[in-house]
Amino acid sequence: MHTDAALDAIHDLVDANHVLVRREILDAFGHVSVRHPESPETFLISRNLAPGLVTDHDIQVTALDGTTTDMRPSYLERFLHAEIYRARPDVHAVVHSHSASMVPFSISRTPLRAVWHMAGFLGDAVPVFEIRDTVGAGSDLLIRDAALGARLADVLGDTAVALMRGHGFVAVGGSVPQAVARAVYADLNARAQATAIQLLGDYTALTIEEGEAAAEANDGQLGRAWETWRAEAGRSRTRRACE
Ligand code: MN
């Protein structure tokens, strides 16, 4: 019932779940999705399941209003994926993580910036979504509905990564490997920047031009990272070997 293109997307998505667990971007929580390659008004995402347990059989086709015909429970925060896909036609994959390395930059006045050539895509200051601006100070911080998802997408704007205050972050890309690489390298950039601040209290960030040039160079090498991480997560397989 799925086409070859959809099966390829499902396989990439399942692999991404395992890669992101292996790289410690996801644990029992967080999720990753991919826009449906043939039905761009829908996206593919696991049912409500820990990412490390996701298989091909757990993937739900979800519409941009957050609904699915799959009767199994869905992720509560699927609206953040839906609203980013709605706002950003260029985005084909979304990662949402609670990484503890990123959170400090969501709760302090120190902006997360590109300080490392592998994270040039971060630019000069990663935007921070403040949920209190929308629902006040009593929320559980979760993106529970389309309105909150749309507000997060507004804050993300046309950037690659947005922090979510006291919660985590989203990373987006034009492909699954690009979104995964952005999540992995944003997290490592955050660790490097925090370490530099501890050492010196100050640090040298990339210029905007350096960041853009580094991002372009690294995007040309995405396949190397993706194949390495899939192998490391035990996910090396020929295309559609599991049909
Ligand atoms: Mn979350």
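Residues numbered from 1 in each chain as written. Predicted model: local features only at pLDDT ≥ 70, side-chain atom pairs only at ≥ 80, totals over all residues. Heavy atoms only, no water.

**So, the pattern of salt bridges**
Any two side chains of opposite charge can pair, given that their charged atoms come close.
So, step 1. With the rule as written, the count across this model stands at 14 salt bridges.
So, step 2. Linking R88 and D90 is a salt bridge whose minimum nitrogen-to-oxygen distance equals 2.8 Å.
So, step 3. Judged by its relative accessible area of 9%, R88 is buried.
So, step 4. For D187, the salt bridge identified is with R191, shortest N-O distance 2.8 Å. In this pair, D187 and R191 are both assigned in helix α6 (residues 176-200), four residues apart and thus about one turn of the helix distant.
So, step 5. Where salt bridges share partners, they join D15, E227, R230 and R235 into one cluster. (Salt bridge = Lys/Arg side-chain N within 4 Å of Asp/Glu carboxyl O. Buried < 20%, exposed > 50% of the residue type's maximum accessible area, 1.4 Å probe, protein only. Helix = DSSP H or I, 4+ residues; strand = E, 2+ residues; numbered from the N terminus.)

**Re the coordination of the manganese ion**
So, step 1. The coordination sphere of the manganese ion, as far as protein atoms go, consists of E77 (OE), H96 (NE2), H98 (NE2) and H167 (NE2), spread over 2.1 to 2.2 Å.
So, step 2. For the manganese ion, all donor residues lie on one chain, and their spacing in sequence is E-x18-H-x1-H-x68-H. With E77 in the loop between β3 (59-63) and α2 (78-87) and H167 in the loop between β6 (161-164) and β7 (168-173), the pair connects residues that are 90 residues apart, well separated along the chain. Exposure class is identical for E77 and H167. Each is buried. (Donors = N, O, S within 2.8 Å, 3.2 Å for Na, K, Ca; no water.)

**Notes on the pairing of β7**
So, step 1. When you tally the buried positions in β7, you get six out of six residues, the bulk of the element.
So, step 2. Residues G168, V170 and V172 line one face of β7 and the alternating positions F169, A171 and G173 line the opposite face, and both faces are buried.
So, step 3. Direction of pairing for strand β4 (residues 93-97) relative to β7: antiparallel, over a ladder of five bridges. Bridge assignment links V94 to a residue of β7, and that residue is V172. (Pairing = 2+ DSSP bridges.)

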